[in-house]
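Overview (structure and organization)
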Amino acid sequence: MPEVPLSVLDLVPISAGSDVAGAVRNTVDLARRAEEFGYHRYWFAEHHLNPGVAGASPPVLIALVAGATTTIRLGSAGVQLAHRTPLAVVEEFGLIEALHPGRLDLGLGRSGKQLVREYAAAAANPVAPTQAANGLLIPPKPDFSGLARSARIGVTFGLLQQPGAESPDYGEQVDDILALLGGTYRAPDGVEAHAVPGEGASPQIWILGSSGGQSASVAGRNSLRFAANYHVSPSSVLEAVDAYRRAFRPSDTLPRPYVAVSADVVVAEDDARARELASGYGLWVRSIRRAEGAIRFPTPEEAAAHEWTDEDRALVADRVGTQFTGSPATVAARLRQLQEATGADELVVTTITHAHADRVRSYELLAEHWHR
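First, a word on what this report is: a plain description of the structure on this page. (Residues numbered from 1 in each chain as written. Predicted model: local features only at pLDDT ≥ 70, side-chain atom pairs only at ≥ 80, totals over all residues. Heavy atoms only, no water.)

Moving on, we come to the pattern of salt bridges. Applying the stated rule across the entire model yields 18 salt bridges. For Arg-41, the salt bridge identified is with Asp-105, shortest N-O distance 3.0 Å. Taken as a pair, Arg-41 in strand E2 (residues 41–44) and Asp-105 in strand E5 (residues 104–109) lie far apart in primary sequence, 64 residues in all. Judged by relative accessible area, which is 3%, Arg-41 ranks as buried. Notably, a salt bridge pairs Arg-286 with Asp-312, separated by 2.6 Å at the nearest N-O pair. (Salt bridge = Lys/Arg side-chain N within 4 Å of Asp/Glu carboxyl O. Helix = DSSP H or I, 4+ residues; strand = E, 2+ residues; numbered from the N terminus. Buried < 20%, exposed > 50% of the residue type's maximum accessible area, 1.4 Å probe, protein only.)

Written out as structure tokens, the structure is:
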């Protein structure tokens, strides 16, 4: 089997007992180490109002890490266009690429609010867990109806947008970004606009998608690369990649579809130790699903002391059941299963542990085994 590249998705997690400064320093260190280990890309996700996640601004994080690394590609996974303008995105990435040409990935997403609404609607028609042809677990869509009604969700996006602002159509925003980068932008009345910095920059454009909806179709019709989230939305990963491939239109720059798929992973020397290191993951997901915002990642001891209710176990079952934990051989086998089921051209690994050293070691062990 040809080697499938491995990349990193960093949420910039804050561990219990630590702070934002520590999380950012850990991110810079992990990016340097990931470059040494042979990872292909290093991506940052955008999240807001989460006590345990410091990744609020992918462009700022990319700029910080770009100065500390030399070869690894850096990008967003993704910039949330629901509260950003195409011009702001193009100018920010144009500034970074001016000093780091040929290394940037511009991943474009919609927003967590839109995803929650889609999942809340899908949960009205629940289905049983299924398996892909090779046995990959495809869990049912979780019920996000309570999360969709959360006052905290409304506050988050109220703070992110100007009063009275309405999010433009996602597809139109992507079209404007492509036009501004290419120097072909025209306003509806025909007036030209040229983004400086930004015009002529050539970041690799990606669309982030969690379902077979608009994101997949926008990526396909624009001949762009597509990243599907098994780690966030395992229930819809197959429909997302299938929809993208159906919509794909070949181009000179990308003659065939290109798919990356993410997975949540914890690797240790043996399966038991990996499960211990990953034990805080359920509590962390629970805090997100209960609209509390991601908590600071707990210690294994804190996780072991928590008393679970059946309701809370059901709330996080899809994420906990699709996290890959174990020895390098165990996790590599599950990653290859995910790659085979989705036909992924690349895999993106996200890992959270309480101790930074354990997180670094997880990426190191996986890379050593994968590239062997």
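On to the packing of aromatic side chains. According to the stated counting rule, one finds nine aromatic pairs in the structure shown. Here the aromatic rings of Phe-226 and Tyr-244 are separated by 5.0 Å at their centres, their planes lie at 20°, and the arrangement is stacked. You can see Phe-226 sitting in strand E9 (residues 225–229) and its partner Tyr-244 sitting in helix H9 (residues 237–247), a full 18 residues away along the chain. Both residues of the pair, Phe-226 and Tyr-244, belong to the buried class. (Phe/Tyr/Trp six-rings, centres within 6.5 Å; stacked < 30°, edge-to-face > 60°.)

Right, let's talk about the nonpolar core for a bit. In terms of nonpolar packing, the biggest core is built from 96 residues, with Tyr-39, Leu-108, Val-261 and Leu-335 touching the most fellow members. Those residues in contact with Val-261, other than ones at most four positions away along the chain, are Ala-228, Tyr-230, Val-237, Val-241, Leu-338, Thr-342, Ala-344, Glu-346, Leu-347 and Val-348. (Core = buried A, V, L, I, M, F, W, Y, C linked by side-chain atoms within 4.5 Å. Contact = heavy atoms within 4.5 Å.)

Turning our attention to helix H8 (residues 214–221). By the burial criterion, the buried members of H8 are Ser-215, Ala-216, Val-218, Ala-219 and Gly-220. On its buried side, H8 packs onto helix H7 (170–182), strand E8 (204–209), E9 and H9. Phi turns positive one or two residues past the end of H8, at Ser-223, with a value near 55°.

Let's shift gears to a nonpolar patch on the surface. Residues Leu-49, Val-155 and Leu-159 make up a contiguous nonpolar surface patch of about 300 Å² in total accessible area. Its place among the elements puts Leu-159 in helix H6 (residues 151–160). For Leu-159, a relative accessible area of 63% gives the class exposed. (Patch = residues over 30% accessible without salt bridge, like charges linked within 9 Å, V, L, I, M, F, W, Y side chains within 5 Å. Areas by Shrake-Rupley, 256 points an atom, 1.4 Å probe, with all protein chains shown as cover.)

Let's shift gears to the pairing of strand E3 (residues 73–76). Every regular strand shows the same layout, with side chains that alternate between the two sheet faces. Of the two faces of E3, the one carrying Arg-73 and Gly-75 and the one carrying Leu-74 and Ser-76 are both buried. Here E2 pairs with E3 via four bridges, running parallel. Bridge pairing links Arg-41 to Arg-73 in E3. Tracing the backbone out of E2, into helix H2 (residues 58–66) and back to the parallel element E3 gives a crossover that is right-handed. In terms of strand pairing, E3 meets E5 through two bridges, oriented parallel. Pairing of Gly-75 across the sheet is with Asp-105, part of E5. (Pairing = 2+ DSSP bridges. Right-handed = clockwise from strand over helix to strand, strands pointing away.)

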